[in-house]
Amino acid sequence: MPEPLLQAVAISKAFSGVRALRDVSFDLFAGEVHAIVGENGAGKSTLIKIMTGAVAPDSGTLVVGGRSVPRMDPALSRSLGIAAIYQQPSLFPHLTVAENLAFALEGVARWRRVNWSARRKRAAELLDRVGAALHPDRLVETLSMPEQQLLEIAKAVGGAARVLIMDEPTASLSEREVDRLFRLVERLRSDGLGLIYISHRLEEVQAIAGRVTVLRDGESVATRSRDGLSRSDLIQLMTGRELSDIFPKKAVTPGDVALELRDVSCRAAGIRNVSIALRRGEILGLAGLVGSGRTELAGTMYGLTPADAGEVLLDGRRVDITSPARAIALGIDYVPEDRRRHGVVLEMAIPANVTLASLHLVSRAGFIDRDAEHATASRYVDALRVKAASLDDPVESLSGGNQQKVALARALAANPTVLILDEPTQGVDVGSKSEIHALMQSLVERGLAILMISSELPEILGMSDRIAVMRGGTIAGVLSRAEATQQSLLALALGHA
Ligand SMILES: Nc1ncnc2c1ncn2[C@@H]1O[C@H](COP(=O)(O)OP(=O)(O)OP(=O)(O)O)[C@@H](O)[C@H]1O
Ligand SMILES: [Mg+2]
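Worth saying up front: this structure is predicted, and the values here are computed from it rather than measured.

Participant: Help me understand the overall build of the chain, please; the structure alone is not making it clear to me.
Facilitator: Regarding its fold elements, the chain presents 17 helices and 22 strands. The C-alpha atoms of the chain give a radius of gyration of 24 Å, which matches the 23 Å a tight globule of 497 residues would have. Over its C-alpha atoms, taken along the principal directions, the chain stretches across nearly 70 × 50 × 50 Å. Of the contacts formed within the chain by residues at least 6 apart in sequence, a portion of 67% connects residues at least 24 apart. A total accessible area of about 21,800 Å² is found for the chain, and carbon and sulfur atoms account for 50% of it. When the 57 basic and 59 acidic side-chain charges of the chain are each reduced to a single mean position, those positions are 3 Å apart.

Participant: Help me out: how do you make sense of the nonpolar core in this one?
Facilitator: A general feature of soluble globular proteins is that nonpolar side chains tend to end up buried together. One finds Ile153, Leu164 and Val212 to be the most contacted residues of the largest nonpolar core, which totals 49 residues. Among all residues touching Ile153, those that are not within four sequence positions of it are Ile85, Val130, Leu164, Met166, Leu181, Leu184 and Leu188. By size, the runner-up hydrophobic cluster in this structure holds 42 residues, among which are Leu398, Leu443, Ile450 and Ala484.

Participant: How do you make sense of the packing of helix 4 (residues 116-129) against helix 5 (residues 145-158) when you look at a structure like this?
Facilitator: Working note: a packed helix pair is described by the angle between its axes plus the distance between those axes. The interhelical angle for the contact between helix 4 and helix 5, taken along N-to-C directions, is 105°, at an axis separation of 9 Å. As judged from the angle between their axes, helix 4 and helix 5 are roughly perpendicular. Residue-level inspection shows Arg122, Leu126, Leu127 and Arg129 of helix 4 in contact with helix 5, the latter providing Leu151, Ala154, Val157 and Gly158. Partitioned by chemical class, the residues of the contact of helix 4 with helix 5 number five nonpolar, one polar and two charged.

Participant: I tried to follow the domain arrangement of the chain on my own but got confused; where do I start?
Facilitator: How big an interface is tends to be stated in terms of the accessible area lost upon association of its parts. With domains assigned, the chain is organised as domain 1 (6-239) and domain 2 (257-494). For domain 1 versus domain 2, the separation of C-alpha centres amounts to 30 Å. Each partner contributes to the interface: domain 1 provides 21 residues, whereas domain 2 provides 22 residues. Summing the contributions of domain 1 and of domain 2, the shared interface buries around 1,700 Å²; its carbon and sulfur component is 48%. Connecting domain 1 to domain 2 are two salt bridges. Across the pair Glu39 and Arg385 runs a salt bridge, and its minimum N-O distance is 3.1 Å. Where domain 1 meets domain 2, there are six residue pairs in polar contact (both at pLDDT 80 or more). For the side of domain 1 that touches domain 2, the secondary structure elements donating two or more residues are helix 6 (175-190) and helix 8 (231-239). Class assignment of the residues belonging to the side of domain 1 that touches domain 2 gives a composition of five nonpolar, eight polar and eight charged.

Participant: Explain the pattern of salt bridges to me, please; I cannot follow it from the model alone.
Facilitator: In the structure shown here, the tally under the stated rule is 25 salt bridges. Salt-bridge contacts for Glu260 lead to Arg262; the nearest nitrogen and oxygen are separated by 3.2 Å. Given the relative accessible area of 39%, Arg262 is considered partly exposed. As a salt-bridge pair, Arg280 and Asp315 come within 3.2 Å of each other at their nearest N and O atoms. Residue Arg280 is located in the loop between strand 12 (271-279) and strand 13 (283-288), and its partner Asp315 is located in the loop between strand 14 (309-314) and strand 15 (317-319); the two are separated by 35 residues in the primary sequence. Members of the salt-bridge network, linked through shared partners, are Arg201, Glu204, Lys433 and Glu456.

Participant: Could you clarify how one ought to interpret the sheet that holds strand 10 (residues 219-225) in this entry?
Facilitator: Whether parallel or antiparallel, the strands of a sheet pair through hydrogen bonds between backbone atoms. Strand order in the open sheet formed by six strands is 6-7-8-3-9-10, and the pairing between neighbours is mixed. The open sheet has two free edges, formed respectively by strand 6 (82-85) and strand 10, since each of these has just one partner strand. Sheet twist, expressed as the average angle between the axes of neighbouring strands with direction ignored, equals 20°. Note that strand 6 and strand 7 (residues 163-167) share four bridges and pair parallel. The residue bridging Ile82 from the neighbouring strand is Val163, located in strand 7. The strands touched by helix 8 are strand 3 (33-37), strand 9 (211-216) and strand 10; relative to strand 9, the strand with the most contacts, the crossing angle is about 30°.

Participant: Is there a simple way to explain the packing of aromatic side chains in this structure?
Facilitator: Working definition: an aromatic ring pair is given by the centre-to-centre distance plus the angle between the planes. As enumerated under the stated definition, the model contains three aromatic pairs in all. Between Phe182 and Tyr197, the ring centres sit 6.2 Å apart and the planes meet at 80°, which makes this aromatic pair edge-to-face. Highlighted residues: Phe182 in helix 6 and Tyr197 in strand 8 (residues 194-198), separated in sequence by 15 residues. Across the pair, exposure class does not vary: Phe182 and Tyr197 are buried alike. Aromatic side chains Tyr302 and Tyr334 sit 5.2 Å apart centroid to centroid with 55° between the ring planes, which places their arrangement in the tilted category. Of this pair, Tyr302 sits in the loop between helix 9 (294-301) and strand 14 while Tyr334 sits in strand 16 (residues 332-335), placing them 32 residues apart in sequence. In this pair, the class of Tyr302 matches that of Tyr334, namely buried. The cationic tip of Lys13 hangs over the ring face of Phe15; the distance from NZ or CZ to the ring centre is 5.3 Å.

Participant: Even after reading the chapter, I still don't get the pairing of strand 16, so can you show me in this structure?
Facilitator: Each regular strand shows side chains that alternate between the opposite faces of the sheet. Side chains of strand 16 alternate between two faces, with Ile332 and Tyr334 and Asp333 and Val335 buried alike. Here strand 16 runs beside strand 19 (residues 418-422); their pairing, made up of four bridges, is parallel. Opposite Asp333, over in strand 19, you have Leu419 as the bridge partner.

Participant: Got a minute to help me understand the side chain of Ser454 in this structure?
Facilitator: One can find Ser454 in the loop between strand 20 (449-453) and helix 16 (457-463). At 3.0 Å, the side chain of Ser454 and the backbone nitrogen of Glu456 are in polar contact. Polar side-chain contacts of Ser454 include one of 2.7 Å to the side chain of Glu459. Apart from residues lying up to four places away in sequence, Ser454 is in contact with Leu286, Arg294, Glu423, Glu459 and Ile460.

Participant: Looking at this structure, I do not really get the environment of Pro336. What am I missing?
Facilitator: Among the secondary structure elements, Pro336 is positioned in the loop between strand 16 and helix 11 (339-343). Note: C-alpha distance between Pro336 and Gly299 (37 residues apart in sequence) is 8.8 Å.

What counts as what
Residues numbered from 1 in each chain as written. Chains lettered and ligands numbered in written order. Predicted model: local features only at pLDDT ≥ 70, side-chain atom pairs only at ≥ 80, totals over all residues. Heavy atoms only, no water. Helix = DSSP H or I, 4+ residues; strand = E, 2+ residues; numbered from the N terminus. Rg over C-alpha atoms; globule rule 2.2 N^0.38 Å. Contact = heavy atoms within 4.5 Å. Areas by Shrake-Rupley, 256 points an atom, 1.4 Å probe, with all protein chains shown as cover. Lys, Arg positive; Asp, Glu negative; His and termini not counted. Charge placed at Lys NZ, Arg CZ, Asp CG, Glu CD. Core = buried A, V, L, I, M, F, W, Y, C linked by side-chain atoms within 4.5 Å. Buried < 20%, exposed > 50% of the residue type's maximum accessible area, 1.4 Å probe, protein only. Axes fitted to C-alpha atoms, helices over the stretch in contact; angles between N-to-C directions. Parallel < 35°, antiparallel > 145°, perpendicular 65-115°, else oblique. Nonpolar A, V, L, I, M, F, W, Y, C, P; charged D, E, K, R; others polar. Domains from an automatic or database assignment. Buried area = accessible area lost by both parts, 1.4 Å probe. Salt bridge = Lys/Arg side-chain N within 4 Å of Asp/Glu carboxyl O. Polar contact = N/O pair within 3.5 Å; in protein donor to acceptor, adjacent residues only side chain to side chain. Pairing = 2+ DSSP bridges. Phe/Tyr/Trp six-rings, centres within 6.5 Å; stacked < 30°, edge-to-face > 60°. Lys NZ or Arg CZ within 6 Å of the ring centre and 35° of its normal.

Below, the structure is given as structure tokens:
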């Protein structure tokens with residue numbers, strides 16, 4: 001048996017008395033992809049932060065290449081060949097691709113001794129190795145999310161990483177980009193790297209992992225070879241229960257048109273001539289490739305980038321949605337894709353976040369009624385199964401998926417008529433995902449209108465009554481639930497229809 005590249009032995013970690021990991025052991029060999037799965041808050045990110053030295057364990061040992069490392073820190077972890085790619089890339093937006101690579105690989109001290117033509121050449125070589133068609137002189141702020149990820153991987157490969165950790169790398173990638181990433185993962189694996197892969201998309205885990213470790217409530221419940229491990233086995237291990245009905249969508253008789261856009265354009269957002277109607281009781285899916293304008297259209301409907309041409313009608317009356325405050329007052333709420341930046345206030349506790357858009361409901365004579373605020377928050381925390389040690393914890397101490405649930409709770413507490421959800425289950429575990437779907441179903445049964453943006457085709461096809469497909473800032477076509485298939489949808493998105 002060869003020696004593992006990396007071993008975590010009996011790791012435990014608690015945050016202010018709350019256990020995040022207990023006695024977790026994990027190992028990784030050269031030439032393997034080892035996935036870590038588990039529900040939101042199970043401890044996945046904490047475990048990898050311990051490996052990269054970002055978080056110190058309370059007890060347990062890390063062994064790298066056979067040598068025990070008593071005190072890991074980020075610089076040591078990097079010099080031992082451990083690189084991590086997080087969902088949010090850590091790049092300098094105002095520097096070029098080559099500058100970012102040079103900066104990362106040479107460090108601050110040597111960075112200023114310039115030999116830019118050599119650096120550009122080295123950058124080009126590295127980008128080529130990871131299959132990235134990026135010009136070294138491009139500014140990072142002009143790169144798309146998948147391009148930034150490729151650059152992160154080039155950084156890791158250039159830094160001679162032997163262990164590459166990816167924490168939910170595909171959350172914002174389209175299917176085609178996911179395919180490209182997987183081919184790269186396979187190539188790095190066959191070059192002898194060890195890869196740790198964290199994802200809530202179990203089909204991805206089954207497609208690329210050789211072994212899977214399942215965490216539940218901070219404990220490792222199993223490490224299994226992929227062979228013979230079914231999706232339902234994984235769910236059973238993660239949640240301790242069976243889970244059927246992934247998409248609980250039932251037909252609801254649609255009511256009146258709640259929100260209608262007539263020939264709406266917004267030059268700043270790149271939106272042109274959009275006409276759609278959203279009915280009460282309906283889930284309208286908004287599909288399209290990354291960059292097709294879905295999030296931008298949501299921004300226009302929510303008043304972030306108000307329309308500069310066309311008409312918006314709410315319950316048949318013309319409205320001007322000039323700001324998010326105006327949208328909320330009109331009963332339109334939005335849960336953005338980038339919840340960590342716009343959906344929640346990280347420093348504030350859960351109740352304050354949940355009632356952020358509905359202060360009038362928990363205020364009396366201008367004062368916030370703390371009991372009402374707490375009661376509202378705990379109702380949503382229960383309904384959405386937000387995992388938190390205490391309601392009074394700041395949202396930043398929650399795991400990624402749980403932060404997203406708080407953002408959703410905030411929008412629901414405002415009791416909107418029209419709810420725009422941008423990637424509502426991104427980064428959310430399977431159990432909570434089906435709970436969010438069930439919740440969406442019950443909301444439309446009560447007469448809400450939901451616009452759901454999703455890059456996950458099964459989710460779009462499974463949950464939508466109708467699907468509007470965007471391309472180039474406008475609606476390329478609208479499909480009924482019966483007409484919509486993966487092919488018909490992609491054909492519209494790609495302009496092959
Ligand atoms: N800095 C922190 N302070 C307090 N608690 C924390 C901190 N970081 C993590 N936790 C807690 O540790 C537990 C594990 O969180 P972790 O981020 O590892 O979960 P995860 O498995 O990555 O979840 P997700 O799938 O939602 O990303 C959670 O209960 C979380 O609230
Ligand atoms: Mg996490």
